[in-house]
Amino acid sequence: MNQEEYLKAFLNKGEVPIDDCASERALRNFTIGRKNWMTINTVRGAQASAIIYSITETARANNLNVYYYIKHLLTELPRLINKNGNIEQPVPEPLMPWSKTLPADCCSKHRN
């Protein structure tokens, strides 16, 4: 009973969702991946996994088709490698998920 005010917050504030389905959907890929992480037994492997999850979830948050966005990155990033084998920092704006210059197939609202 002492939490009634907080449980009814969505009645008075329109921006408060009635449920937490959106957050549960966002966490689903993360929780499903736990079994896959059993094979990540090094720090570098964990860092690589974190980078991939960050890229894919940012693409989803920007309503991109994740498959085509990753394909685009894997095509374009090798072209940015310098003679030392590094990619110049920061990554150019046209490759960012919010860029207006991404190919049309990346920008479809369909999510993978």
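Residues numbered from 1 in each chain as written. Predicted model: local features only at pLDDT ≥ 70, side-chain atom pairs only at ≥ 80, totals over all residues. Heavy atoms only, no water.

### Looking at unusual backbone geometry
In this structure, Asn63 is a non-glycine residue whose phi angle is positive, near 55°. Checked against the element boundaries, Asn63 lands in the loop between helix H4 (43–61) and helix H5 (66–76). Residue classification places Asn63 among the partly exposed positions, given a relative accessible area of 29%. (Helix = DSSP H or I, 4+ residues; strand = E, 2+ residues; numbered from the N terminus. Buried < 20%, exposed > 50% of the residue type's maximum accessible area, 1.4 Å probe, protein only.)

### Let's talk about H4
With 19 residues, H4 should cover 27 Å at 1.5 Å per step; its first-to-last C-alpha distance of 27 Å lies within 8% of that length. Once H4 ends, the next one or two residues include Asn63, with phi positive near 55°. (Expected span 1.5 Å × (residues − 1).)

### Overview of the confidence of the model for the protein
For the protein, per-residue confidence averages 81 on the pLDDT scale, and 88% of positions sit at 70 or higher. H5 holds the highest mean pLDDT among the elements of the protein, 94, whereas helix H3 (residues 21–32) holds the lowest, 72. (pLDDT = per-residue confidence, 0-100.)

### Structural notes on H5
Along H5, the residues that are buried comprise Val66, Tyr69, His72 and Leu73. The buried residues of H5 occupy an angular sector of 125° when projected down its axis, which confines them to one face. Taken together, the buried residues of H5 touch H4. The distance from a side-chain oxygen at the start of H5 to the backbone nitrogen of Tyr67 is 3.2 Å, and the residue carrying that oxygen is Asn65. (Arc of directions from axis to C-beta. Contact = heavy atoms within 4.5 Å. Polar contact = N/O pair within 3.5 Å; in protein donor to acceptor, adjacent residues only side chain to side chain.)

### Concerning the pattern of salt bridges
Within this structure, the stated rule accounts for two salt bridges. Across the salt bridge formed by Arg79 and Glu76, the nearest N and O atoms sit 3.0 Å from each other. Residue classification places Arg79 among the exposed positions, given a relative accessible area of 59%. (Salt bridge = Lys/Arg side-chain N within 4 Å of Asp/Glu carboxyl O.)

### Here's the deal with the packing of H4 against H5
The N-to-C vectors of H4 and H5 enclose an angle of 125°; their axes lie 10 Å apart at closest approach. Here H5 runs oblique to H4, going by the angle between their axes. Considering the relative orientation of H4 and H5, their crossing is right-handed. In this structure, H4 uses Ile55, Thr56, Ala59 and Arg60 to contact H5, whose residues at the interface are Val66, Tyr69, Ile70 and Leu73. Among the residues forming the contact of H4 with H5, the class breakdown is six nonpolar, one polar and one charged. (Axes fitted to C-alpha atoms, helices over the stretch in contact; angles between N-to-C directions. Parallel < 35°, antiparallel > 145°, perpendicular 65-115°, else oblique. Left-handed = near helix turned anticlockwise from the far one by under 90°. Nonpolar A, V, L, I, M, F, W, Y, C, P; charged D, E, K, R; others polar.)

### Some points on the side chain of Ser99
For Ser99, the location among the structural elements is in the segment after H5. Within polar-contact distance, the side chain of Ser99 engages the side chain of Thr101 at 2.8 Å.

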